[in-house]
Amino acid sequence: MKAFNKKIFIKQISDNVKNMYRKNLEEASQEELFQAVADAVKNMIMDDWIATQQVMEKDEPKTVYYLSMEFLLGRALGNNLINMTAYAQVKEALEEIGLDLNTIEQQEPDPALGNGGLGRLAACFLDSLASLGYPAYGCGIRYRYGMFKQQIVEGFQVEVPDNWLKNGYPFEMKRPEYCYEVRFGGHVRMEMREDGNMDFIHEDYQAVNAVAYDLPIVGYNNHVVDTLIIWDAQPEVEFSLTSFNEGQYHKAVEESNLARTLVEVLYPNDEHIQGKELRLKQQYFFVSASIQRAIAKYKKHHRSLKQLPKKVVFQMNDTHPTVAVAELMRILIDVEGLSWDEAWKITTQCVAYTNHTIMAEALEKWPIDIFERILPRVYQIVDEINRRFVLDIMDRYPGNEDKIRSMAILYDGQVRMANLAIAAGFSVNGVARLHTEILKNESLKDFYEMFPEKFNNKTNGITQRRFLAHGNPLLADFVTKYCGKGWETDLQKTRKLIAKADDPKVQKEFMEIKRENKKRLAKYILEKTGIEVNVDSIFDVHVKRLHEYKRQLMNILHVMYLYNRLKDNPDMDFVPRTFIFGAKAAAGYRNAKNTIKLINNVADVINHDVSIGGKIKVVFIEDYKVSNAEWIYAAADVSEQISTASKEASGTGNMKFMLNGALTIGTMDGANVEMFEEVGEENMFIFGLSAQEVIGFERNHNYRPGDIYNNDPDVNRVLNQLIDGTYSHGDYELFRSLYNYFLNDRPDNPADRYFILADFRSYIQTQEKVAAYYRNRSAWAKSAIMNVACVGKFSSDRTIQEYVDDIWHLEKIKVRTSL
Ligand code: 26Q
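Numbering of residues begins from 1 in every chain and follows the order in which that chain's sequence is written. Local features in a predicted model are, by the rule used here, given only for residues with pLDDT of at least 70; side-chain atom pairs are given and counted only at 80 or more, and totals for whole chains, interfaces and linings are based on all residues.

1. Section: the domain arrangement of the protein chain
The figure often quoted for interface size is the accessible area lost as the parts come together. Segmentation into domains, and thus their bounds, comes from an automatic or database assignment. With domains assigned, the protein chain is organised as domain 1 (1–59 + 84–106), domain 2 (60–75 + 110–140 + 148–460 + 802–808) and domain 3 (471–794). Listed per partner, the contact involves 15 residues of domain 1 and 14 residues of domain 2. Here, residues touch in the contact sense if the C-beta positions derived from the backbone fall within 7 Å of one another.

What follows is the structure in structure tokens.
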């Protein structure tokens, strides 16, 4: 970016408003002003973006292609300004013409091309890649509709389409010159070539064009601007009604329908899978386009494909893009004319796989008949990969059917995508140490035994630029004051706070900042829900996707328990608490949706009970998303990270709360384990079963939640309140299925499979400790500051540097400013 010139910037905004809307500044709406400002900011980015692409063109550095079905970006305007280090200047310039940057930022649609953790991780990774100066492309899909907007109607979740492109998205750039054909269906005909080799000719297929849209990923203060490519689908032939015979006409209609439906919508399921054909088509669509683009770019500089692994690495974000393995093979063999062995050698040096879950129901499998029908040539290749792989397994373990059962790619009429990713990938990583250990020793044990060298851990991280610099400017200034500048690119710098954590003045300052952030959130809550909350109460926050293993149900049962106690002992000493929830449920996930309804009904009863003097409030924040998340983290006192041990691969929300000085109450799960190691036991509240204990119960089938229900009166009481009408206006049935979750034992779905009752007592006791600790303002402040001080490890900059060192082996690029 050239040096910021306030005058030119202001002029550009008024010119933009004039040219885009035929209005002057006074007439323009806030939305129009947002478009005008965003366009001016894009203009500021452009020189660096061009320069970065030029450096990449000239030096041809090895480049990572981060393949992901999801990028949960959040708003770009404010973040881009932060990373250009122009936020304050732009804010001031806008003030001069009577505009408020905050208000303008809030006009931006929240690009939500992702569900939750995995998608947001991809977005943090891009931010870190650019900020560290690494050559990278994100590759994804330009969904017409992103993650649905959530409305709460009478306590129930209602999904509303997210039409994020309605007014045009100012930061995207269509790149019609990058356009690739992607083929579906049809048949493969084999033809003998003169040299005796086979040609595989794909016929009668449907084709769509993948057209690139680029989004800039602005690095922090380094002039590097990487690119996120999101692929749109377009019909190959714009069909005209007159010029076709019947056959062509049908094909044209079908292809344009396919193009439209392909990118229509993000599947709003996380870790809860239905095998929908369209989803497989989406996967293949963006993977094929991305690989074609990478190879076309490579071939501008090389004639042989042999050096591809020196220039290109594809990181597969979970199994969703795993069809990349077979697609790269297909292109190398069918298009580039390589032999199987040559192609396999290249492919296996170019693809790497990240696993984000151990939960069986989240492992992607496709029925072979569907897979073969949609991708006939790709299927042949998968079949051949499988055939050779099974031979390898038999070679290594003669006569051992179990090994084939667990590791074969094709098994039981299904294509097992994780198995394909592991067989072909040169690297397999988990996302937190505990998670990787469970992969190695439990779920992927056989693979680990066969390929120990592939396995490695990359503990997740988050970007401090969005979640501190942008989301919590007050705390950001506090950190700068005590740690100096530089934490934006080196989060370990917050360690300097350790020496300050005991200082009462610093503690007071911290608590005042927290209080301001609580006021900001309280105002938002009042506007959105009409609920008034006490900013001097503990803000106890549980925000994340709704899933049974994340145990929002345990949290709300604990609220019900506390309310019972307060009703029984109106005069008891009680630290006022505001329980804040935010969560979207997959549209077809019944228990998840019922949990949302329960939270809202509990909120309704408790918030309206004047007899408890407002000591407990319960708030469900509608439409939890990246933009309101930034405010929520900033305002939290307590962070709920209470998944069943062994189930949460890492978690990243946990790290965002820590960064914002919240104290965690959590299980020894995912990255909580490593947070605990960093921050120390005095500054975090751990409870519940260990991962090994959970795995033990699962293995031995000896967990009996019914015994707890029968013997623990507090548990008995809250569970009965699910079916006695207390929270349902007398309706005994509304929450019956949640009640049954605890007690109905079936072989495929054991009672309380997420061990809520096993952990409940220990959760209650630990929450009591939290309350007692909060009374000691100085101790609390110290612990909160220690959380900020010890968060350094959890920067996604650290994570990305590890990916670079151990997997990708990239060199930094240098982009010099034109001025
Ligand atoms: C797959 C097939 C069909 C439909 C949907 C899906 C699907 C979509 C999204 C499956 C899984 C997801 C998302 C998973 C996810 O977000 N996992 C989270 O990843 C985070 C980043 O590593 C971890 O921190 C979380 O622990 C993990 O739950």
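2. Digging into the UniProt feature "modified residue: N6-(pyridoxal phosphate)lysine" (unreviewed entry) in the protein chain
UniProt positions are given in the numbering used here, feature names are shortened, and annotations may be inferred rather than shown by experiment. Mapped onto the present numbering, the UniProt feature "modified residue: N6-(pyridoxal phosphate)lysine" (unreviewed entry) falls at Lys656. Note on placement: lysine 656 falls in helix 24 (residues 653–659). Given 30 C-beta atoms within a 10 Å radius, lysine 656 is considered buried. Apart from the residues within four sequence positions on either side, lysine 656 is in contact with Ile462, Phe467 and Tyr633. In this description a helix means any DSSP run of H or I spanning at least four residues, a strand means any run of E spanning at least two, and both kinds are numbered starting from the N terminus. With C-beta atoms placed from the backbone, a residue is buried if 20 or more other C-beta atoms are within 10 Å of its own, exposed if 12 or fewer are, and partly exposed between those counts.

3. As for the site of the ligand
For each residue, a C-beta atom is positioned from the backbone; the residue is called near a molecule or strand if that atom sits within 6 Å of it. The ligand sits among 24 residues. The nearest are Gly117, Leu118, Asp270, Ala649 and Ser650. In terms of residue count, helix 6 (residues 117–132) provides more of the shell around the ligand than any other element does, 3 residues in total.

4. Looking at the sheet that holds strand 13 (residues 410–411)
Reading across from one edge, 12-14-13 is the order of the 3 strands in this open sheet, with antiparallel pairing throughout. Of all the strands in the sheet, the pair left with one neighbour each is strand 12 (365–367) and strand 13. Paired strands are those between which DSSP finds at least two bridges. Here 2 bridges tie strand 13 to strand 14 (residues 414–416), and the two strands are oriented antiparallel to one another. Within the sheet, the bridge partner assigned to tyrosine 411 lies in strand 14 and is glutamine 414.

5. Some points on the sheet that holds strand 17 (residues 538–543)
In space, the 6 strands of this open sheet follow the order 19-18-17-20-21-22, with parallel pairing throughout. Of all the strands in the sheet, just strand 19 (616–620) and strand 22 (685–686) have a single pairing partner and so form its edges. The sheet contact formed by strand 17 and strand 20 (residues 638–641) spans 2 bridges and is parallel. Bridged to aspartate 540 within strand 20 is valine 638. Packed on one face of the sheet, helix 21 (residues 552–568) meets strand 17, strand 18 (577–582), strand 19 and strand 20 and runs near 155° to strand 19. Every angle, taken between N-to-C directions, lies between 0 and 180 degrees, and every axis is a line fitted to C-alpha atoms, over only the stretch in contact when it is a helix.

6. Comments concerning the environment of asparagine 564
Here asparagine 564 lies in helix 21. A sequence separation of 176 residues divides asparagine 564 from arginine 388, and the C-alpha atoms of the two residues are 62 Å apart.

7. Some thoughts on helix 6
Residue count minus one, scaled by 1.5 Å, sets the expected span of a helix. Taking 1.5 Å per residue as the helical rise, helix 6 with its 16 residues ought to reach 22 Å, and the 22 Å between its terminal C-alpha atoms agrees with that figure. The buried fraction of helix 6 is high, at 16 of 16 residues. Downstream of helix 6 by a residue or two, glycine 133 has a phi angle that is positive, lying close to 80°.

8. A closer look at helix 1 (residues 6–21)
Taking 1.5 Å per residue, 16 residues should reach 22 Å; helix 1 reaches 22 Å between its end C-alpha atoms and fits that length. Turning to helix 1, the residues buried within the fold contact helix 2 (30–59) and helix 4 (87–96). Residue arginine 22 follows helix 1 closely and has a positive phi angle near 55°.

9. Things to note about the nonpolar core
One broad rule of soluble globular proteins: the nonpolar side chains tend to lie buried together. One finds Trp231, Ala324 and Val602 to be the most contacted residues of the largest nonpolar core, which totals 246 residues. Those residues within four positions of valine 602 in sequence are excluded, and the remaining contacts are Ile556, Val559, Met560, Val618 and Tyr727. Put simply, a nonpolar core is buried Ala, Val, Leu, Ile, Met, Phe, Trp, Tyr and Cys residues tied into one set by C-beta atoms within 7 Å.

10. Side note on the pairing of strand 8 (residues 206–218)
As defined by bridge partners, strand 5 (residues 173–184) adjoins strand 8 across 9 bridges and the pair is classed as antiparallel. Residue pairing in the sheet places arginine 183 in a bridge with alanine 207 of strand 8. The pairing of strand 8 with strand 9 (residues 225–235) spans 11 bridges and is classified as antiparallel. From the neighbouring strand, valine 211 faces strand 9, where its bridge partner is aspartate 232. The turn linking strand 8 back onto strand 9 is made up of 6 residues, and asparagine 221 within it adopts a positive phi angle of 55°.

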